[in-house]
Amino acid sequence: GIRDIGVTGVQTCALPICQRSLQSLDQDMHGRDLRQQEFLKASLEGFDLHGADLRGAVFNTSNLSGSDLRGADLEDVVAFASRFDGADLRDAVLRNGMLMQSRFRDALIEGADFSEAVIDLPEQKALCARASGRNARTGVETRESLRCR
């Protein structure tokens with residue numbers, strides 16, 4: 001059946017029925033299956049999304065500052081012009097992510113895998129300045145995934 005995840009402007013699919021535009025945001029969504037959900041202009045500041053399956057999710061112009069995304073699977077995520085300032089991205093997988101015009105100031109990125117992600121050059125350089133660790137799931141080093149020199 002359908003599980004009400006309580007997220008505004010999100011499409012929740014549980015075959016055979018899809019439901020759109022749920023009413024409220026749930027501060028604690030850790031470990032949830034949020035694949036291909038749309039968070040457009042969403043305020044997710046400080047939200048707990050650690051370990052969530054966010055593959056293919058869309059976070060365009062969203063605020064994820066201070067959010068907990070530890071170990072989250074963000075493969076193929078689209079996060080255009082979003083804020084990840086101070087977010088915890090340790091051990092997150094952001095492979096193939098489209099992260100243009102997104103900011104990562106003070107984000108914790110130890111062990112994050114950014115392989116093949118598209119990131120603005122100034123952000124990539126800033127991330128490289130503090131990149132460390134190896135992703136527990138993919139085995140890829142954070143510096144290598146960011147193509148740091």
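Because the structure is a prediction, the values reported are computed rather than measured.

What counts and how
Residue positions are given per chain, counted from 1 along the sequence in the order it is written. With pLDDT at 70 or above as the cut-off, local features in this predicted model cover only qualifying residues; side-chain atom pairs require 80 or more to be listed or tallied, and sums for whole chains, interfaces and linings still use all residues. Hydrogens are left out, water is left out, and the side-chain values use all remaining heavy atoms of the structure. Each Phe, Tyr or Trp ring (for Trp, its six-membered ring) is paired with any other whose centre lies within 6.5 Å, and the angle between the two planes then decides the class: stacked below 30 degrees, edge-to-face above 60, tilted in between. In DSSP terms, a helix is any run of H or I states spanning at least four residues, a strand is any run of E spanning at least two, and both are numbered starting from the N terminus. Using a 1.4 Å probe on the protein chains alone, a residue whose accessible area is under 20% of its type maximum counts as buried, one over 50% counts as exposed, and one in between counts as partly exposed. Scored between 0 and 100, pLDDT is the confidence that the predictor attaches to each residue. Residue contacts follow a heavy-atom distance rule, with two residues in contact if any of their heavy atoms lie within 4.5 Å. Sulfur atoms of two cysteines make up a disulfide when they are within 2.5 Å.

Q: How would you explain the packing of aromatic side chains if you had to name every residue and give the values?
A: Applying the stated criterion to the full structure yields three aromatic pairs. On the basis of an interplanar angle of 10 degrees and a centroid distance of 4.7 Å, the ring pair of F39 and F59 is categorised as stacked. Residue F39 is located in the loop between β2 (17–19) and β3 (98–99), and its partner F59 is located in the loop between β2 and β3; the two are separated by 20 residues in the primary sequence. With relative accessibility at 1%, the residue F39 sits in the buried group. Residue F59 is classed as buried on the basis of its relative accessible area of 1%. Considering the side-chain rings of F84 and F104, the 4.9 Å spacing of their centres and the 5 degrees angle between planes classify their relative orientation as stacked. One end of the pair, F84, is in the loop between β2 and β3; the other, F104, is in the loop between β3 and β4 (118–119), and 20 residues separate them in sequence. For the pair shown, F84 and F104 are each scored as buried. An aromatic cluster is built from F84, F104 and F114, whose rings are joined through pairwise contacts.

Q: An account of the confidence of the model for the protein chain is requested, with residue identities and associated values reported.
A: Any residue range with low pLDDT should be treated as having predicted coordinates unsuitable for detailed reading. Scored by pLDDT, the protein chain has a mean of 85; 83% of the residues are at 70 or more. The lowest-confidence element of the protein chain is β2, averaging 36 in pLDDT; the highest-confidence one is helix α2 (residues 142–145), averaging 98. A low-confidence stretch, residues 1–24 (pLDDT under 50), is modelled with 50 contacts involving residues beyond four sequence positions or located in other chains.

Q: Explain the state of the cysteines to me, using residue names and the numbers behind them.
A: This model, assessed by the stated rule, comprises one disulfide. Linked covalently through their sulfurs, C128 and C148 form a disulfide whose S-S length is 2.0 Å. On the S-S bond that ties C128 to C148, the torsion sits near -90 degrees, and the link is left-handed. Of this pair, C128 sits in helix α1 (residues 121–128) while C148 sits in the segment after α2, and the two are 20 residues apart along the sequence. Relative accessible area serves as the criterion here: at 11%, C128 is assigned to the buried category. On the basis of relative accessible area, C148 is assigned to the buried category, the value being 19%.

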